[in-house]
Amino acid sequence: MMKRTTKSKIAVLDCFKKSNYGLKPEDIFNELTQYDKVTIYRILQSFLDDGIIHKVISDDGTSYYFKCKSCEEVHFHNHYHFKCTVCHKVECINEEIEVKIPKDYILQNINFWISGICKICNAKSITAPNL
Ligand SMILES: [Zn+2]
Ligand SMILES: [Zn+2]
Ligand SMILES: [Zn+2]
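Every chain is numbered independently, its residues counted from 1 as its sequence is written. To label them, take the chains in the order written and letter them from A, then take the ligands in the order written and number them from 1. Per-residue local features of the predicted model are confined to residues with pLDDT of at least 70, and side-chain atom pairs are confined, for both listing and counting, to 80 or more; whole-chain, interface and lining totals are unaffected and use all residues.

Colleague: Describe the overall build of the protein chain, and please don't skip the residues or the numbers.
Modeller: From N to C terminus, the protein chain includes four helices and five strands. Under the scheme used here, helices are H or I runs from DSSP no shorter than 4 residues and strands are E runs no shorter than 2 residues, and both carry numbers assigned from the N terminus. Overall, the protein chain shows an N-to-C arrangement of helices and strands of α-α-α-β-β-β-β-β-α. Across the protein chain, contacts joining residues at least 24 apart in sequence account for 47% of those joining residues at least 6 apart. Note on contacts: residues are paired as contacts if their backbone-placed C-beta atoms lie within 7 Å.

Okay, structure coming up:
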């Protein structure tokens, strides 16, 4: 039983290692059809708790999971999440955001979504302007 859990965790982790983009739960279900959704959700939750991944809800209400770069005990992310309007991929933009909040408030979470054209789609549009 324990062994199976570990194997499924490694499989989910591999999905994140393979992709530089945010993953929707459906992306992981489609990739790992041998595991049921409950198992995958449980693994995602444990990765969230462990600071391995972070979850961001996009402007259309979809949940995306992203690899964490330097979270261990505390999840803190002051970066944008970029959604490409052409390929619909989402990614972490690792530029720090400076957020100013009133004195005596404590900042815990930032959920910034920006959209536009990613560098890959932008490069394609330059080489093929008629597409
Ligand atoms: Zn994190
Ligand atoms: Zn794109
Ligand atoms: Zn992120």
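Colleague: Outline unusual backbone geometry, listing residues and values.
Modeller: Note on backbone geometry: most residues besides glycine have negative phi, and most peptide bonds are trans. Positive phi outside glycine occurs at His88, with the angle close to 65 degrees. Although it is not a glycine, Asp104 sits at a positive phi angle of roughly 75 degrees. With respect to the secondary-structure elements, Asp104 resides in the loop between strand S4 (90-93) and strand S5 (113-116). In this scheme the burial state of a residue depends on its C-beta neighbours within 10 Å: 20 or more other such atoms mean buried, 12 or fewer mean exposed, and anything in between means partly exposed; the C-beta positions come from the backbone. Looking at Asp104, the number of C-beta atoms within 10 Å reads 5, which means it is exposed.

Colleague: Could you give an account of helix H3 (residues 37-50), naming the residues involved and the relevant values?
Modeller: In an α-helix, one turn spans 3.6 residues; hence positions three or four apart end up facing the same way. Under the convention used throughout, the expected extent of a helix is 1.5 Å for every residue step, that is, one less than its residue count. In a regular helix each residue adds 1.5 Å, so 14 residues correspond to 20 Å; H3 covers 20 Å between its end C-alpha atoms and thus fits that length. Inspection of H3 places Ile43, Leu44 and Phe47 among the buried residues, and these make up the whole buried set. All buried residues of H3 fall inside an arc of 100 degrees around its axis, so they share one side. Turned more than 90 degrees away from the buried face of H3 sit Val38, Gln45 and Asp49, all of them exposed. Residue Gly51 follows H3 closely and has a positive phi angle near 75 degrees. To be clear, the arc concerns the directions from the helix axis to the C-beta atoms.

Colleague: Tell me about the pairing of S4, residues and numbers included.
Modeller: Strands are labelled as partners when DSSP assigns at least two bridges between them. Where strand S3 (residues 80-84) meets S4, four bridges bridge the pair, whose relative direction is antiparallel. Counted as the bridge partner of Phe82 is Glu91 from S4. In this antiparallel pair of consecutive strands, S3 and S4, the connection spans five residues, and His88 shows a positive phi of 65 degrees.

Colleague: Residues and numbers for the sheet that holds S5, please.
Modeller: Taken together, the three strands give an open sheet; going across it, the order is S4-S3-S5, and neighbouring strands pair in mixed fashion. For this open sheet the edge positions go to S4 and S5, each flanked by a neighbour on one side alone. Across the sheet, the mean angle separating the axes of adjacent strands is 30 degrees when strand polarity is ignored. Structural elements are reduced to axes, namely lines fitted to C-alpha atoms, with helices fitted over the stretch in contact, and the angle between N-to-C directions of any two is expressed from 0 to 180 degrees.

Colleague: Help me get a handle on the nonpolar core, residues and values and all.
Modeller: Core analysis: the biggest nonpolar cluster contains 17 residues, and Leu23, Leu44, Phe47, Ile53, Tyr64, Tyr65 and Phe66 have the highest contact counts within it. Sorting the residues of this core by element identifies helix H1 (2-18), H3, strand S2 (63-67) and S4 as the ones contributing at least two each. In this structure Leu44 touches Ile53 and Tyr65, once residues within four positions along its chain are discounted. Nonpolar cores are built from buried Ala, Val, Leu, Ile, Met, Phe, Trp, Tyr and Cys residues. These are joined into a set through C-beta atoms within 7 Å.

Colleague: Any details on the pairing of S2? Residues and values, ideally.
Modeller: Strand direction decides the pairing type here: strand S1 (residues 53-57) and S2, joined by five bridges, are antiparallel. Along S2, the bridge assignment pairs His54 with Phe66. Between S1 and the antiparallel strand that follows it, S2, lie five residues; Gly61 among them carries a positive phi value of about 90 degrees.

Colleague: Go over the environment of Gly116, please, and point to the residues and values.
Modeller: Checked against the element boundaries, Gly116 lands in strand S5. Setting aside residues no more than four positions away along its own chain, Gly116 makes contact with Phe82 and Thr85.

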